[in-house]
Amino acid sequence: MRASAGAGGAPGVARPDRRTVLADAAIGVLADAGVRGLTHRAVDAAAGLPVGTTSAYLRTRQALLTALVRRLVELDQGELQALGERMAIRSADELVQGIRELMRHRLTGEGRRRSLARYACAVESVRDPELREILVPRENAGRAVVRTFLAEQGVADPDGRTATLLACIDGLVFDRLVGGGETGADELQGLVAAALRGAAAGC
């Protein structure tokens, strides 16, 4: 059965539910205005909805943050799943190219705004066990394809090496997000070489 178009929507395309709309708007507010700027009224305005809409669906600040973080994780997982499904890593150079593509996604356009929101949420999660639990890294095709490649190369503890490599990449994204600049191929090649040696060097 085809989804009917909502007001202003394209025929046959289901509109996102109201909580998703609010969570997406909250991500944008957090990215643009920081934690202090994340208010119910700011989310209402960003979503183009009447004042009071956000508080009607997400009554407390905790509920708003939780919805925002769950949506961030959903979007990140979708991105990593899609990236992993289209990647075929047969060499270290191909792994470097996959990392560069991921970093481009995380440092430009909407991906950059999500990164800003993600790191703000990570800091909040230090004092919030519920948020911290939501942000725990999860399995996806991107993670699996890296782990499979490392295992095929005979790396000891491919699970641990994969976790370390991805943590290093996350650190590079944060560094470039804050400090700007480009990530050179030599940096990424160094990370991949360290992972292939089963070493933690390069982080």
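Bear in mind that the values here come from a model prediction, so they are computed numbers and not experimental data.

S.K.: So, the overall build of the protein: which residues are in play, and what are the values?
M.R.: Summing up its helical and strand segments, the protein has 10 helices and 0 strands in all. Mapped in sequence order, the helices and strands of the protein form the string α-α-α-α-α-α-α-α-α-α. Its C-alpha atoms give the protein principal-axis dimensions of about 55 × 45 × 30 Å. For the protein, the proportion of its 203 residues judged to be buried stands at 38%. Here the protein displays about 10900 Å² of accessible surface, and carbon together with sulfur accounts for 53% of that area.

S.K.: Got a sec to walk through the pattern of salt bridges? Specific residues and values, please.
M.R.: Enumeration according to the criterion identifies 16 salt bridges in this entry. A salt bridge links R114 to D76; the nearest nitrogen and oxygen atoms lie 3.3 Å apart. One end of the pair, R114, is in helix α6 (residues 109–125); the other, D76, is in helix α4 (residues 61–86), with 38 residues separating them in the sequence. As far as the burial class goes, R114 and D76 line up, both buried. Between R176 and D175 there is a salt bridge; the shortest N-O distance is 2.3 Å. Of the residues examined, R176 reaches a relative accessible area of 12% and is grouped as buried.

S.K.: Could you give me a rundown of the layout of surface pockets, with the residues and numbers involved?
M.R.: Empty space among the atoms becomes visible once a probe the size of a water molecule is rolled across them. Its boundaries defined by the atoms lining it, the largest pocket holds a volume of some 760 Å³. Surrounding the largest pocket, 34 residues form its lining, L80, R106, P137, R143 and D170 being those nearest its centre. Elements supplying a minimum of two residues to the lining of the largest pocket: α4, α5 (92–107), α6, α7 (129–134), α8 (141–152) and α9 (158–179). Of the residues contributing to the lining of the largest pocket, the split by class is 22 nonpolar, 5 polar and 7 charged.

S.K.: Give me the lowdown on the packing of aromatic side chains, citing residues and values where you can.
M.R.: According to the stated counting rule, one finds 1 aromatic pair in the structure shown. With 5.0 Å between their ring centres and 75 degrees between their planes, Y119 and F174 make a pair best called edge-to-face. Placement of the pair is Y119 in helix α6 and F174 in helix α9, with a sequence separation of 55 residues.

S.K.: How would you sum up the side chain of H40? Please name residues and give values.
M.R.: Mapped onto the elements of the fold, H40 is located in helix α2 (residues 40–47). Excluding residues that lie within four positions of it along the chain, H40 makes contacts with T54, S55, L58, R59, T60, R61 and L64.

S.K.: I'd love a proper account of the side chain of T54, names of residues and values included.
M.R.: If you trace the backbone, T54 turns up in helix α3 (residues 53–57). Each residue touching T54, except ones within four places of it in the same chain, is listed here: L22, H40, V43, D44, R59 and L64.

S.K.: Describe helix α1 (residues 18–33), listing the residues and the values that go with them.
M.R.: Here α1 contains 16 residues, and its C-alpha end-to-end distance of 22 Å stays within 8% of the 22 Å for a straight helix at 1.5 Å per residue. By the burial criterion, the buried members of α1 are T20, L22, A23, A25, A26, I27, G28, V29, L30 and A31. Along its buried surface, α1 packs onto α2, α3, α4 and α6.

Calculation criteria
Residues numbered from 1 in each chain as written. Predicted model: local features only at pLDDT ≥ 70, side-chain atom pairs only at ≥ 80, totals over all residues. Heavy atoms only, no water. Helix = DSSP H or I, 4+ residues; strand = E, 2+ residues; numbered from the N terminus. Buried < 20%, exposed > 50% of the residue type's maximum accessible area, 1.4 Å probe, protein only. Areas by Shrake-Rupley, 256 points an atom, 1.4 Å probe, with all protein chains shown as cover. Salt bridge = Lys/Arg side-chain N within 4 Å of Asp/Glu carboxyl O. 1 Å grid on protein atoms, 1.4 Å probe; cavity = no way out; pocket = protein on both sides within 12 Å on 5 of 7 lines; lining within 4 Å. Points joined across faces, edges and corners; volume = space filled by probe spheres on them. Nonpolar A, V, L, I, M, F, W, Y, C, P; charged D, E, K, R; others polar. Phe/Tyr/Trp six-rings, centres within 6.5 Å; stacked < 30°, edge-to-face > 60°. Contact = heavy atoms within 4.5 Å. Expected span 1.5 Å × (residues − 1).

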